[in-house]
Amino acid sequence: MELRVHDLAVARGGITVLEGLSFSLGAGAALVLRGPNGVGKTTLLRTLAGLQPAVAGRLSLEPEEMAYAAHADGIKAVLTVEENLRFWAAVSGQGAVEAALGAMNLADLRHRRAAHLSAGQKRRLGLARLLVTGRKLWLLDEPTVSLDAASVVLFGQVVRQHLAAGGAALMASHVDLGIGEAAVLDLAPYRATRSAVQAGGFDEAFV
Amino acid sequence: MLALLTRDLRLAMRAGGGFGLGLAFFLLVAVLVPLGVGPEGAVLAKIAPGILWVGALLACLLSLDRLFALDFEDGSLDLLATAPIPLEGVVAVKSLAHWLVTGVPLVLVAPVLGVLLNLPVAGYGWLVVSLALGTPALSVIGAFGAALVVGVKRGGLLLSLLVLPLYVPTLIFGAEVVKRGAGGLAVGTPLALLAGITLAAAALLPFASAAALRVNLR
């Protein structure tokens, strides 16, 4: 498994934000995306995850290999922690719910309704979801937002285990994620110069 | 797929899930119409099929804007779109869940409300049959409308305007089945057309809904 991105251009709201982006990410490697607000970190992750089409360029991996974790964790407030996680495990066809609960220190909260979780606990549940997807490449958007110091360490351990098992992680973040071995990619040099409206599709002609 | 169905049903049953919203609305319509129209049995018997079908249709419409909007707001829709199950399947399962939560209770309670509206005895069976055949179309067509307006703040009004014209054929043939059944006439033609609409909508619209969702998730 290796993600190779060649000459990629991505657009948000019909305006190209990044272009000429090429990088590769092999098994066992982690890459942190940096760059100022609005540079296109989230847009890049959503494009890789297959939620929106790329304006130009080539990808070597199908979106089916990737697990995307967005700002929103996709948690249902009226379900318990365990029910939320079991749902995502069933959707992915995986079963390692107990291991995921343990890895993100959620075992004591398993019967708690998600509505009663703190922001950091919700984020931990969102990250535990990654473990039950069984996908190789994790696309993480600001994964450590609202996590306390101990949970950031926990997150680092989970990512390292994933890398050691032949996975890979692509993370967008402004803060130190506590994963020292991760390479850093600054997106600012790839900012699109001609931010003209794309004539790519009819829906974008109205933007 | 099954996990998604059980999750949606569970969400509907828990507090604030919206189960019973359509049912309560249907009940109100059927109780209030006789009070407004007056107690003449002949008049009520004449309008009963139409009122019951309009009530069922509006009750379905009431809960539609939550169908994808809730999943969109908490990010589940993004995650479902990237999950291993096809988005067409997600739409079909969510429509089915909507029908089980909204349509099936309406079908079951409709004969009771038929009493309030003085529906002729011969019409009860056809009322249940026509609603059972027609309400799946309401859920599937409604899911298409909900997919079109997902991400639009206060999309409920737009959703109603988009979906109501698409509901008209189902309403016409559904009410016609009950009207003819109550009058002792042959119901074959409207019943076949009603079933045809439902089957066509269930076969084709999930693809259109999934395409609309993909555009809206960009």
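Definitions and cut-offs
Residues numbered from 1 in each chain as written. Chains lettered and ligands numbered in written order. Predicted model: local features only at pLDDT ≥ 70, side-chain atom pairs only at ≥ 80, totals over all residues. Heavy atoms only, no water. Helix = DSSP H or I, 4+ residues; strand = E, 2+ residues; numbered from the N terminus. Rg over C-alpha atoms; globule rule 2.2 N^0.38 Å. Buried < 20%, exposed > 50% of the residue type's maximum accessible area, 1.4 Å probe, protein only. Contact = heavy atoms within 4.5 Å. Salt bridge = Lys/Arg side-chain N within 4 Å of Asp/Glu carboxyl O. 1 Å grid on protein atoms, 1.4 Å probe; cavity = no way out; pocket = protein on both sides within 12 Å on 5 of 7 lines; lining within 4 Å. Points joined across faces, edges and corners; volume = space filled by probe spheres on them. Nonpolar A, V, L, I, M, F, W, Y, C, P; charged D, E, K, R; others polar. Pairing = 2+ DSSP bridges. Axes fitted to C-alpha atoms, helices over the stretch in contact; angles between N-to-C directions. Buried area = accessible area lost by both parts, 1.4 Å probe. Polar contact = N/O pair within 3.5 Å; in protein donor to acceptor, adjacent residues only side chain to side chain. Phe/Tyr/Trp six-rings, centres within 6.5 Å; stacked < 30°, edge-to-face > 60°. Lys NZ or Arg CZ within 6 Å of the ring centre and 35° of its normal. pLDDT = per-residue confidence, 0-100.

We now examine the overall build of chain A. Along its length, chain A carries 5 helices and 8 strands. N-terminal to C-terminal, the α/β element order of chain A is β-β-β-α-β-β-α-α-α-β-α-β-β. In terms of C-alpha radius of gyration, chain A reaches 17 Å, essentially the compact-globule figure of 17 Å for 207 residues. Across its three principal axes, chain A shows a C-alpha extent of roughly 50 × 40 × 30 Å. Within chain A, buried positions represent 52% of all 207 residues. A sequence separation of at least 24 residues applies to 70% of the contacts in chain A between residues at least 6 apart.

What follows covers the pattern of salt bridges. Throughout the structure, instances matching the rule amount to 18 salt bridges over all chains. Arg 7 of chain B is the partner of Asp 8 of chain B in a salt bridge, and the nearest nitrogen-oxygen pair spans 3.5 Å. An identical accessibility class is assigned to Asp 8 of chain B and Arg 7 of chain B; each is buried. Between Glu 176 of chain B and Arg 180 of chain B there is a salt bridge, with its nearest N and O atoms 3.0 Å apart. Separated by 4 residues within a single helix, Glu 176 of chain B and Arg 180 of chain B lie in helix α8 (residues 156–182), roughly one turn from each other. With relative accessibility at 30%, the residue Arg 180 of chain B sits in the partly exposed group. A single salt-bridge network, built from bridges that share partners, covers Lys 76 of chain A together with Arg 7, Asp 8, Asp 71, Asp 74 and Lys 94 of chain B.

This next bit is on the environment of Asn 118 of chain B. All names here are of chain B. For Asn 118, the location among the structural elements is in the loop between α6 (87–116) and α7 (123–149). For Asn 118, a relative accessible area of 37% corresponds to the partly exposed category. C-alpha of Asn 118 to C-alpha of Val 43: the two residues are 75 residues apart in sequence and 9.0 Å apart in space. Filtering out sequence-adjacent residues up to four positions away, Asn 118 remains in contact with Gly 41, Ala 42, Leu 44 and Ala 45.

Before going further, it helps to examine empty space enclosed by the protein. All told, the structure shown has 4 cavities of 30 Å³ or more when counted by the stated rule. Estimates place the volume of the largest cavity at around 90 Å³. Contributing to the lining of the largest cavity are 13 residues, with Arg 129 and Thr 133 of chain A together with Leu 79, Thr 82 and Ala 83 of chain B lying nearest its centre. Where the lining of the largest cavity is concerned, the elements lending two or more residues are β5 (66–69), α2 (81–92) and α4 (119–133) of chain A. Along the lines of polarity and charge, the residues of the lining of the largest cavity split into 8 nonpolar, 3 polar and 2 charged. Forming the boundary of the second largest cavity are Gly 18, Phe 19, Gly 20, Leu 21, Gly 22, Leu 23, Ser 63, Val 101, Thr 102 and Pro 105 of chain B.

What follows concerns the sheet that holds strand β1 (residues 2–12) of chain A. All names here are of chain A. Ordered in space as β2-β1-β4, the 3 strands form an open sheet in which the pairing is antiparallel. A strand with exactly one partner marks an edge of an open sheet, and here the two such strands are β2 (15–26) and β4 (56–59). Across the sheet, the mean angle separating the axes of adjacent strands is 20° when strand polarity is ignored. Two elements, β1 and β2, share 8 bridges in a ladder whose sense is antiparallel. Among the inter-strand pairings, Leu 3 is bridged to a residue of β2, identified as Leu 25. Contacts from helix α1 (residues 41–48) reach β1, β2 and β4, with the element oriented near 120° to β1.

In this section: the sheet that holds β5 of chain A. Residues and elements named next belong to chain A. With respect to topology, 5 strands assemble into an open sheet ordered β5-β6-β7-β3-β8, the strand pairing being parallel. Whereas interior strands pair on both sides, the edge strands pair on one side only; in this sheet they are β5 and β8 (183–186). Sheet twist, expressed as the mean angle between neighbouring strand axes with direction ignored, is 15°. In the sheet, strand β3 (residues 30–34) pairs with β8 via 4 bridges, with the strands oriented parallel. The residue bridging Val 32 from the neighbouring strand is Val 184, located in β8.

Listed as interface residues are 25 residues of chain A and, on the opposing side, 24 residues of chain B. Together chain A and chain B conceal approximately 2200 Å² of surface at their shared face, both sides included; 61% is due to carbon and sulfur atoms. Where chain A touches chain B, the interface holds 5 salt bridges. For the interface between chain A and chain B, the tally reads 9 residue pairs in polar contact (both at pLDDT 80 or more). In terms of residue count, α2 of chain A provides more of the side of chain A that touches chain B than any other element does, 6 residues in total. The residue inventory of the side of chain A that touches chain B, partitioned by class, reads 12 nonpolar, 4 polar and 9 charged.

Attention now moves to the packing of aromatic side chains. Within the structure shown, the criterion is met by 1 aromatic pair over all chains. Positioned over the ring face of Trp 88 of chain A is Arg 129 of chain A, at 5.7 Å from the centre of the ring. The ring centre of Phe 87 of chain A lies 4.4 Å from the NZ or CZ of Arg 7 of chain B, which sits over that ring.

Another point: the confidence of the model for chain B. Across chain B, the average pLDDT comes to 90, with 99% of residues at or above 70. The ipTM, which scores confidence in the relative placement of chains, is 0.84 for this predicted complex, and the corresponding pTM is 0.88.

All names here are of chain A. Following β1, the chain reverses through 2 residues before pairing antiparallel with β2; Gly 13 in that reversal takes a positive phi of roughly 60°. Here 3 bridges tie β1 to β4, and the two strands are oriented antiparallel to one another. Across the sheet, the residue bridging to His 6 is Arg 58, located in β4.

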